[in-house]
Each structure stands twice: as C-alpha cells, then as structure tokens.
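Summary of structural features
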Amino acid sequence: MHPPAVWAIDGIHAPLYWFPRDCPRVTAWPRDATERAPFQRAFATTAHRVHAIEATWFERMRTMSLFRYDFEPGDFEPWDDASGQWISTKPVTPVAVVPVGNLVDAHVAAGIELRLVPSLSPLVELARDERWDFSLVRLMNATS
C-alpha cells in the first residue's frame, strides 16, 4: 500500500481525467510524429488522440461538473510508475480551482476524437499496441 500522498497530472495527460468518476474508458495517442500515421490508420481517424467510452456513460459525461485543482509545481516530483503523473507526500493547498466546463466541449476544443461505443472490448487490444501510448481506466466497470 502506498503511503498517503497527493497525485497531480501534467497538462498533456490531463484529458485522461475528463470523464465522470468510475467511467470505464480506453484512450490512445501517438507519442511522437513517427507514430502518428500508423496510429491514424489503425484508428481510422485524423485526430491526434482517441478516447472511447460506452455510450451508456454519455449523459453523465455531458452533464457532470469537473474542477481542475492547480498546485505549485515545486511541491511535486515525478512519479516514476506512470508518465505525466506527479506526487507530493506532504500536504498541499491548491492555488486555484477552475471549472473544466462541458467535458464533451473540452474534447472537441482539444482536437480529441471522443467515441461512444456499445463495448470497449474491441478497442482494448488496439489501444495496447506498443506503437503508441495508451491508458485503460476502470475497465472493471464496463458492461461488456
């Protein structure tokens, strides 16, 4: 078990959290320009990222309120177990609390393709391909 800590995420990885709590999701993106063409062919997209949720979660995603907590970066150090994540083992106080706004609009504004699918299963293996980066979250909550 990990000792008490505060986790933070960098701006590049922040869209991984633009979802309702406990929402199962599959996300994938190329790490660099050489991965972009194979990624876009495999996912049949022109987007630089693909996020997928089960369609049954869409209404919750469309109507929920999410807030970003900003912290002083000097209070955190990189967490080696996951790229883009930072950790502080001391208490920290946010310097700002900012509403993210409509999460669907946030995806659109960031150029992220948001897919509503009946099942995440067909995308899991495609996302896990070592040719690009990915995140699989809360799959135990998926309906199939």
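The present account deals with the structure reproduced in this document. None of these values were measured; they are calculated from a predicted model.

**Some remarks on the nonpolar core**
Val-26, Ala-28, Phe-39, Phe-43, Val-50, Ala-52, Val-117, Leu-120, Leu-123, Val-124, Ala-127 and Trp-132 form the largest nonpolar core, which has twelve residues in total. For this core, the secondary structure elements donating two or more residues are strand E2 (25-29), strand E3 (49-54) and helix H4 (121-127). Tallying contributions element by element places H4 first for this core, with three residues. Those residues in contact with Ala-52 that lie beyond four places of it in its chain are Pro-24, Arg-25, Val-26, Arg-115, Leu-120 and Leu-123. Membership of the second largest hydrophobic core comes to ten residues, among which are Phe-19, Ile-53, Met-61 and Leu-103.

**Examining the side chain of Gln-85**
Tracing the backbone through its elements, the reader meets Gln-85 in strand E6 (residues 85-88). When its relative accessible area of 17% is taken as the criterion, Gln-85 is described as buried. Ignoring any residue separated from it by four or fewer positions in sequence, one finds Gln-85 in contact with Trp-7, Ala-8, Ile-9, Tyr-17, Pro-78 and Trp-79.

**Structural notes on the pattern of salt bridges**
Tallied over the entire structure, the rule returns eight salt bridges. Linking Lys-90 and Asp-75 is a salt bridge whose minimum nitrogen-to-oxygen distance equals 3.5 Å. In this pair, Lys-90 sits in the loop between E6 and strand E7 (96-99) while Asp-75 sits in the loop between strand E4 (67-70) and strand E5 (77-78), placing the two residues 15 residues apart along the sequence. Using a relative accessible area of 45% as the deciding quantity, one classes Lys-90 as partly exposed. With a shortest N-O distance of 2.5 Å, Arg-115 and Glu-113 are connected by a salt bridge.

**A closer look at a nonpolar patch on the surface**
Nonpolar side chains collect at one region of the surface, where Phe-67, Tyr-69 and Val-97 lie side by side and expose about 310 Å² of accessible area between them. Of note, Val-97 is situated in strand E7. Taking relative accessible area as the criterion, Val-97 reaches 44% and is therefore assigned partly exposed.

**Some remarks on the sheet that holds E3**
If you trace the four strands from one edge of the open sheet to the other, you get E8-E3-E2-E9, paired in mixed fashion. Both outer strands of the open sheet, strand E8 (112-117) and strand E9 (133-137), are each paired with one neighbouring strand and no more. The average angle at which neighbouring strand axes cross in this sheet is 15°, direction not considered. Bridge analysis of E2 against E9 gives five bridges, and the strand direction is antiparallel. Looking at the pairing, Thr-27 lines up with Ser-135 of E9.

**Things to note about the pairing of E6**
In terms of strand pairing, strand E1 (residues 6-9) meets E6 through four bridges, oriented antiparallel. By the bridge assignment, Trp-7 is partnered in E6 with Ile-87. Summarising the sheet, E5 and E6 pair through two bridges and their orientation is antiparallel. The partner of Glu-77 across the bridge, within E6, is Ile-87. Hairpin connection between E5 and E6: a loop of six residues separates the two successive antiparallel strands, and Gly-84 in this loop has a positive phi of roughly 85°.

Reading guide: rules and limits
Residues numbered from 1 in each chain as written. Predicted model: local features only at pLDDT ≥ 70, side-chain atom pairs only at ≥ 80, totals over all residues. Heavy atoms only, no water. Core = buried A, V, L, I, M, F, W, Y, C linked by side-chain atoms within 4.5 Å. Buried < 20%, exposed > 50% of the residue type's maximum accessible area, 1.4 Å probe, protein only. Helix = DSSP H or I, 4+ residues; strand = E, 2+ residues; numbered from the N terminus. Contact = heavy atoms within 4.5 Å. Salt bridge = Lys/Arg side-chain N within 4 Å of Asp/Glu carboxyl O. Patch = residues over 30% accessible without salt bridge, like charges linked within 9 Å, V, L, I, M, F, W, Y side chains within 5 Å. Areas by Shrake-Rupley, 256 points an atom, 1.4 Å probe, with all protein chains shown as cover. Pairing = 2+ DSSP bridges. Axes fitted to C-alpha atoms, helices over the stretch in contact; angles between N-to-C directions.

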